[in-house]
Amino acid sequence: MIRLSNLYQGEYKITSPFGPRNLDGDKRPHKGIDTVGIGNKNLVAICDGTVVSSQIITDKSNPTWEWGNYIKINDGYGYFPHYCHLSKRLVTKGMKVSKGQIIGIEGQTGYSFGSHCHFEVRNSDGVSIDPVEYFKILEEREVENIVQEIKRYKNIKDMPEWMQAYIKKWVDKGFIKGNSDGTLDFSEDMIRVLVITDRMIENKK
């Protein structure tokens, strides 16, 4: 399950999904998703990365003019999230951005029929993929990062405070065996299942 808070500071709705569509006679397939912020229009970086483009192209002989103000990020894993039609860009080319950092404001620049963000993700071959699938990739990546961090420790006493609280919750529920000396008995697969379960519970709140 993906939380609808990955692109904005607050909640948002998808007004046009990825794939086939007819937009006032324009039958080109939609290469991203269109989103509208509910109340808050601040867009945030969906991942850590580097800004590779932050610009507006007004030359209509260049198809990119349709994006208006847009930001393109390199996530370092072969994917490039694009935020388009922005009213304002808050980052510049070459900047490092962190997940959750405000990078722009939703708008109506370029080829747009109303205030929204066209969010598109391209792979290293320049092929657009369904952003919802990219959300899943990011979720899996974050889960794996947590799993790898936890598996570094075999004694709860050596763990950072946030991790101690996280693991203690599963020890108290009996899913992980905690010994009196602070050592823990768990497999990597068990930790992966518990992390995924925990995130699913959080997503439902």
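Nothing here was measured: the structure is a model prediction, and the numbers come from that model.

About the criteria used
Residues numbered from 1 in each chain as written. Predicted model: local features only at pLDDT ≥ 70, side-chain atom pairs only at ≥ 80, totals over all residues. Heavy atoms only, no water. Pairing = 2+ DSSP bridges. Helix = DSSP H or I, 4+ residues; strand = E, 2+ residues; numbered from the N terminus. Buried < 20%, exposed > 50% of the residue type's maximum accessible area, 1.4 Å probe, protein only. Disulfide = S-S within 2.5 Å. Contact = heavy atoms within 4.5 Å. 1 Å grid on protein atoms, 1.4 Å probe; cavity = no way out; pocket = protein on both sides within 12 Å on 5 of 7 lines; lining within 4 Å. Points joined across faces, edges and corners; volume = space filled by probe spheres on them.

Here we take up the sheet that holds strand E9 (residues 102-105). Taking strand neighbours across the sheet as the criterion, the three strands line up as E3-E9-E7 in an open arrangement whose pairing is antiparallel. Two strands bound the open sheet, and with one partner strand each, they are strand E3 (42-44) and strand E7 (88-89). As paired elements, E7 and E9 share two bridges and run antiparallel to each other. Of the residues in E9, the one forming a bridge with Lys88 is Ile105.

Turning to the pairing of strand E10 (residues 117-123), a few remarks are in order. Within E10, six of the seven residues are buried, which leaves the element mostly enclosed by the surrounding structure. Pairing analysis gives four bridges linking strand E2 (residues 32-37) to E10, with the strands arranged antiparallel. Bridge pairing in E10 links Thr35 to Cys117. Of the strand pairs in this sheet, strand E6 (residues 79-86) and E10 are connected by six bridges, and their pairing is antiparallel. Note on E10: the bridge partner recorded for His82 is Glu120. Relative to strand E11 (residues 128-129), E10 runs antiparallel, the two sharing two bridges. Following the sheet pairing, Val121 is matched in E11 by Ile129. From the end of E10 to the start of E11, which pair antiparallel, there are four residues, and Gly126 there has a positive phi angle of about 80 degrees.

Bringing the state of the cysteines into the picture now. Taken as a whole, this structure holds zero disulfides when the rule is applied. In this model Cys117 remains outside any disulfide bridge; the closest cysteine sulfur is found in Cys84, 6.6 Å from its own. By relative accessible area, Cys117 is classed as buried at 0%.

This part covers the environment of Tyr166. In this fold, Tyr166 is placed in helix H2 (residues 161-172). The contact partners of Tyr166, leaving out residues within four places of it in the chain, are Ile150, Leu194, Val195 and Asp198.

A few words on the layout of surface pockets. Within this model, the largest pocket holds a volume of roughly 560 Å³. In this structure, the largest pocket is lined by 22 residues; those nearest its centre are Arg21, Arg28, His30, Glu66 and His118. Of all the elements, E10 adds the most residues to the lining of the largest pocket, at three residues.

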